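# Results of the structural survey
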Amino acid sequence: MKALSYPFTLDVFGVAETTENQTKIYTDRLTTLLSTAVGERPMRPTYGTNVAAALFENENNLKRAVTDAIRVAVKRWIPEITVQNIGVVNLTQDGKVNVEVSIVLPDFTSATVQVSSATLNPNGSVEI
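Residues numbered from 1 in each chain as written. Predicted model: local features only at pLDDT ≥ 70, side-chain atom pairs only at ≥ 80, totals over all residues. Heavy atoms only, no water.

For the rest of this paragraph, the subject is the overall build of the protein chain. The helix and strand inventory of the protein chain stands at three helices and seven strands. Reading the secondary structure of the protein chain in the N-to-C direction produces β-β-α-α-α-β-β-β-β-β. The buried share of the protein chain, reckoned over its 128 residues, is 37%. Considering only contacts within the protein chain whose residues lie at least 6 apart along the sequence, 35% involve residues at least 24 apart. Of the accessible surface of the protein chain, which amounts to about 8000 Å², a share of 52% is contributed by carbon and sulfur atoms. (Helix = DSSP H or I, 4+ residues; strand = E, 2+ residues; numbered from the N terminus. Buried < 20%, exposed > 50% of the residue type's maximum accessible area, 1.4 Å probe, protein only. Contact = heavy atoms within 4.5 Å. Areas by Shrake-Rupley, 256 points an atom, 1.4 Å probe, with all protein chains shown as cover.)

If you want it as structure tokens, here you go:
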């Protein structure tokens with residue numbers, strides 16, 4: 001399997017960088033999924049996660065809401081991987097929620113993706 005490498009870059013000849021490394025392909029797909037809000041993609045309005053909406057839950061429900069949002073999105077958009085564990089660190093002082101997702105790939109190897117899920121800006125927008 002060959003896929004575009006994330007982040008999208010061009011080589012010196014103007015050709016998009018690709019990878020055949022399965023671990024990189026699936027961690028890139030998961031990173032893209034986690035960093036896309038539902039409704040953000042014009043031709044795929046249901047693609048993404050509702051992690052940003054989960055940030056508005058009270059602290060008791062925050063971990064469950066983030067975990068549920070990630071599990072639902074992965075099951076729908078990357079069903080060939082299995083989510084093994086989702087570690088959610090509560091909101092930090094700068095407004096971020098740190099998430100670590102451990103997955104099992106189709107070849108039964110494991111990988112981990114770490115994201116700082118969102119920063120809430122004073123104007124109400126979300127920077128991921």
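Now that the structure is up, let's keep going.
Turning to the environment of Arg-71, a few remarks are in order. Tracing the backbone shows Arg-71 in helix H3 (residues 59–77). In the structure, Arg-71 is positioned 30 residues away from Val-101 in sequence and 9.8 Å away in space, judged by C-alpha atoms. In contact with Arg-71, not counting residues within four places along its chain, are Val-83, Gln-84 and Ile-86.

With 85% of its residues at a pLDDT of 70 or more, the protein chain has an overall mean of 82. Here strand E6 (residues 119–120) stands out as the element of the protein chain with the lowest mean pLDDT, 40, in contrast to helix H1 (residues 22–34), whose mean of 91 is the highest. Contacts from residues 119–128, a stretch scored under 50 in pLDDT, to residues over four places away or in other chains number 20 contacts. (pLDDT = per-residue confidence, 0-100.)

Moving on, we come to the pairing of strand E4 (residues 98–104). With five of seven residues buried, E4 lies mostly within the body of the structure. Taken together, the seven bridges between strand E3 (residues 82–89) and E4 define a ladder with antiparallel strand orientation. Opposite Val-89, over in E4, you have Asn-98 as the bridge partner. In this sheet, strand E5 (residues 110–116) lies alongside E4 in antiparallel orientation, the contact comprising seven bridges. (Pairing = 2+ DSSP bridges.)

Okay, the nonpolar core next. In this structure, Leu-30, Val-66, Ile-70, Val-99 and Val-101 are the most contacted members of the largest nonpolar core, which totals 28 residues. The set of elements that each furnish at least two residues to this core consists of H1, helix H2 (51–54), H3, E3, E4 and E5. With seven residues, the single largest contributor to this core is H3. With residues near it in sequence (within four places) discarded, Ile-70 still touches Leu-34, Val-51, Ile-86, Val-99 and Val-101. (Core = buried A, V, L, I, M, F, W, Y, C linked by side-chain atoms within 4.5 Å.)

Our focus in this paragraph is a nonpolar patch on the surface. Together, Leu-4, Phe-8 and Leu-10 line one region of the surface with nonpolar side chains, adding up to about 340 Å² of accessible area. Within the secondary structure layout, Phe-8 lies in the loop between strand E1 (3–4) and strand E2 (18–19). (Patch = residues over 30% accessible without salt bridge, like charges linked within 9 Å, V, L, I, M, F, W, Y side chains within 5 Å. Salt bridge = Lys/Arg side-chain N within 4 Å of Asp/Glu carboxyl O.)

Before going further, it helps to spend a moment on H1. Relative to the 18 Å expected for 13 residues at 1.5 Å per residue, H1 spans 18 Å between its end C-alpha atoms, a close match to the ideal helical length. Every buried residue belonging to H1 is among Ile-25, Tyr-26, Thr-27, Asp-28, Leu-30, Thr-31, Thr-32, Leu-33 and Leu-34, and all of these are buried. In this structure Asn-21 caps H1, since a side-chain oxygen of it lies 2.9 Å from the backbone nitrogen of Thr-23. (Expected span 1.5 Å × (residues − 1). Polar contact = N/O pair within 3.5 Å; in protein donor to acceptor, adjacent residues only side chain to side chain.)

With that settled, the discussion passes to unusual backbone geometry. Phi at Phe-108 is positive, roughly 70°, even though this residue is not glycine. Here Phe-108 lies in the loop between E4 and E5.

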